[in-house]
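A closer look at the structure
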Amino acid sequence: MVERIRARHLLTETGWREACWLEHENGWITAIGSLSQENMGFDVELLVPALIDGHVHGGAGVDVMDNDSNVLGTLSMAKAAEGVGAFLATTVTAPLPEIEQALGRISDGVANGMPGAELLGCYLEGPYFTPDNKGAHDQALFRELDVSELNHLQQLARGTLKVVALAPEKPNAITAIRHLAANGVRVMLGHSAADHDTTMAALAAGASGLVHCFNGMRGLHHREPGMVGAGLVHPDAWLELIADGHHVHPSVLKLCHCCAGERLLLITDAMRAAGMPDGHYLLGNYRVEMKEGVVRTEAGGLAGSTLTLLDAVRNMVNLAGIPLADAIRMASLAPAKMLGIADRLGSLAVGKQANLLALTTELNQQHIWVAGREINPTQLSSLFSGSRVNQDAQESLCI
């Protein structure tokens, strides 16, 4: 069945188009055209590509590492309710058997499909880090890089392992980066004490960019540019940003846009407390506390975020003064390009999948379609009521 959506403003890869219609059928965009004067009514104000969250650990009381088959479906619906049409389920440092189990659940989730946002695969964040700038990762569980172990994890993931994060100063890092890149797996650098030159060598070996830039790494200094400086100046490095106003100062968000432009990736790095009340939660083996939406470890360090990706877009516009079209691209086309799926996702064009997001002029979500199917965010509450994980969230996960 063909569905036509009339938009006052429609965002394409070349910019905004005014007074347009978009048609989609069987999950794909089939036509885009201009409205005639006699048919100038609008169904939506802004029609943009559904967002892509390339780095998210959890939300709505659940975590990717939870050993429960319902978790990914719950997270999928939570993502759709915040304007996200596709996401990467992101792990944390944990004992290897728990990581292996998570990879299996994610692989099954990709194969079986999701009720809301599409599950693109897995982002392995840890255990290949170093103690300096470890963040909320348990350094007792850090492991050395070994190609045979990486092969084992790739086999368990059955083609769904899309990103591996690692510290480039670790022994065998360059060998691991070259191996992963040759097998189509993106490598992001972070939770590391690496200097500028070590980072540059890793990027030259095939690493794709930096994990949540500025956080979990050596910062920018005028005599030692550090990992951040290497990422800012390298012409091909993708930079993840947590644009919640806490992890990175608004002026630094603006600086990143000036330096990196289309290489910026907005992510949430959200954990299970996202969308939940203030209180104590678990992130991996760490007990963390959320106060007024900010999550910290007992030592006071930031521990993931409770950000939504649509809020990240708003913050880039309102806090950093970035044009709306640029901010949306950082959360849609940029992650699609980084993951090599821009031929299918990330922008509105004929022949691409109908992952669509309708917004008001105040950037509030009105509708979302995933592969042409409109997702009703009110389904989220019914999904929660049917999930044991969510029924027990306050008692077993909020401690």
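Residues numbered from 1 in each chain as written. Predicted model: local features only at pLDDT ≥ 70, side-chain atom pairs only at ≥ 80, totals over all residues. Heavy atoms only, no water.

**Thoughts on the environment of R296**
- Relative to the assigned elements, R296 resides in strand 17 (residues 294-297).
- The sequence separation of R296 and G346 amounts to 50 residues, and the corresponding C-alpha distance is 32 Å.
- Setting aside its immediate chain neighbours within four residues, R296 contacts V288, E289, G301, L302 and A303. (Helix = DSSP H or I, 4+ residues; strand = E, 2+ residues; numbered from the N terminus. Contact = heavy atoms within 4.5 Å.)

**A short note on the sheet that holds strand 15 (residues 279-283)**
- The sheet built from three strands is open, its strands ordered 15-16-17 with antiparallel pairing. The open sheet terminates on both sides in strands that have one partner only, identified here as strand 15 and strand 17. With direction set aside, neighbouring strand axes in the sheet form an average angle of 35 degrees.
- Judged from the five bridges that link them, strand 15 and strand 16 (residues 286-291) form a sheet pairing that is antiparallel. Bridge pairing links Y281 to V288 in strand 16. (Pairing = 2+ DSSP bridges. Axes fitted to C-alpha atoms, helices over the stretch in contact; angles between N-to-C directions.)

**Examining the sheet that holds strand 9 (residues 118-125)**
- A sheet is described by the order of its strands in space; here eight strands give the open sequence 5-8-9-10-11-12-13-14, paired in parallel fashion. If you trace the sheet from one side to the other, it starts and ends with strand 5 (51-56) and strand 14 (264-267), each paired once.
- Both strand 10 (residues 161-166) and strand 11 (residues 186-189) contribute to a ladder of four bridges, which runs parallel. When the sheet's bridge partners are listed, L166 is paired in strand 11 with L189.

**Some thoughts on the packing of helix 2 (residues 96-112) against helix 3 (residues 147-157)**
- Two elements in contact, helix 2 and helix 3, have axes whose closest approach is 8 Å; the angle formed by their N-to-C orientations is 35 degrees. Each of L96, E100, L103 and S107 in helix 2 lies in contact with helix 3, whose residues at this interface are E149, H152, L153, L156 and A157.
- Of the residues assigned to the contact of helix 2 with helix 3, the class counts are five nonpolar, two polar and two charged. (Nonpolar A, V, L, I, M, F, W, Y, C, P; charged D, E, K, R; others polar.)

**Notes on the pairing of strand 4 (residues 44-49)**
- The element strand 4 is largely enclosed, with a buried count of five among its six residues.
- In this structure, strand 1 (residues 3-12) lies alongside strand 4, joined through three bridges in parallel fashion. Looking at strand 4, one finds that A7 is bridged to V44.
- Here four bridges tie strand 4 to strand 18 (residues 356-359), and the two strands are oriented antiparallel to one another. By the bridge assignment for strand 18, L47 is matched with A358. (Buried < 20%, exposed > 50% of the residue type's maximum accessible area, 1.4 Å probe, protein only.)

**What to know about the packing of aromatic side chains**
- Counting across every chain of the model gives one aromatic pair.
- Seen in terms of ring centroids, F129 and F142 are 6.1 Å apart; in terms of plane orientation they differ by 90 degrees. Their pairing is edge-to-face. One end of the pair, F129, is in the loop between strand 9 and helix 3; the other, F142, is in the loop between strand 9 and helix 3, with 13 residues separating them in the sequence.
- Residue classification places F129 among the buried positions, given a relative accessible area of 1%. (Phe/Tyr/Trp six-rings, centres within 6.5 Å; stacked < 30°, edge-to-face > 60°.)

**Some details on unusual backbone geometry**
- G126 connects to P127 through a cis peptide bond whose omega is 20 degrees.
- Following the sequence through the fold, P127 ends up in the loop between strand 9 and helix 3.
- With phi around 45 degrees, H191 is a residue other than glycine that occupies positive phi space.
- Here H191 is to be found in the loop between strand 11 and helix 5 (196-204).

**A look at the state of the cysteines**
- All chains considered together, the criterion is met by zero disulfides.
- Left unpaired, C256 is separated from the closest cysteine sulfur, that of C213, by 5.1 Å.
- Not engaged in a disulfide, the cysteine C258 finds its nearest cysteine sulfur in C259; these two sulfurs lie 6.5 Å apart. (Disulfide = S-S within 2.5 Å.)

**Observations concerning the nonpolar core**
- Ranked by internal contacts, the top residues of the largest apolar core, which has 98 residues, are L51, L166, L189 and L266.
- Not counting the four nearest positions on each side in its chain, L189 is found in contact with L166, P168, I177, T199, A202, L203, A207, G209, L210, V211, M217 and M227.
- Within the second largest apolar cluster, 19 residues are counted, among which are F142, V163, L265 and L339. (Core = buried A, V, L, I, M, F, W, Y, C linked by side-chain atoms within 4.5 Å.)

**So, the confidence of the model for the chain**
- Chain-level statistics for the chain give a pLDDT mean of 92 and a share of 93% at 70 or above.
- In this model residues 380-399 is a low-confidence stretch, pLDDT under 50, and it forms 43 contacts with partners more than four residues away in sequence or in other chains. (pLDDT = per-residue confidence, 0-100.)

**Quick look at the pattern of salt bridges**
- Applying the stated rule across the entire model yields 13 salt bridges.
- Between E23 and R4 there is a salt bridge, with the nearest N and O atoms lying 2.8 Å from each other. Of the two residues, E23 sits in strand 2 (residues 15-25) while R4 sits in strand 1, which places them 19 residues apart along the sequence.
- By relative accessible area, E23 is classed as buried at 18%.
- Relative accessible area serves as the criterion here: at 39%, R4 is assigned to the partly exposed category.
- Residues R272 and D66 are paired through a salt bridge, measuring 2.9 Å at the closest nitrogen-oxygen approach. Here D66 lies in the loop between strand 7 (62-63) and helix 1 (71-80) and R272 lies in the loop between strand 14 and strand 15, a separation of 206 residues in the sequence. D66 carries the same exposure label as R272, and that label is buried.
- One network of salt bridges, in which partners are shared, links D53, K79 and E82. (Salt bridge = Lys/Arg side-chain N within 4 Å of Asp/Glu carboxyl O.)

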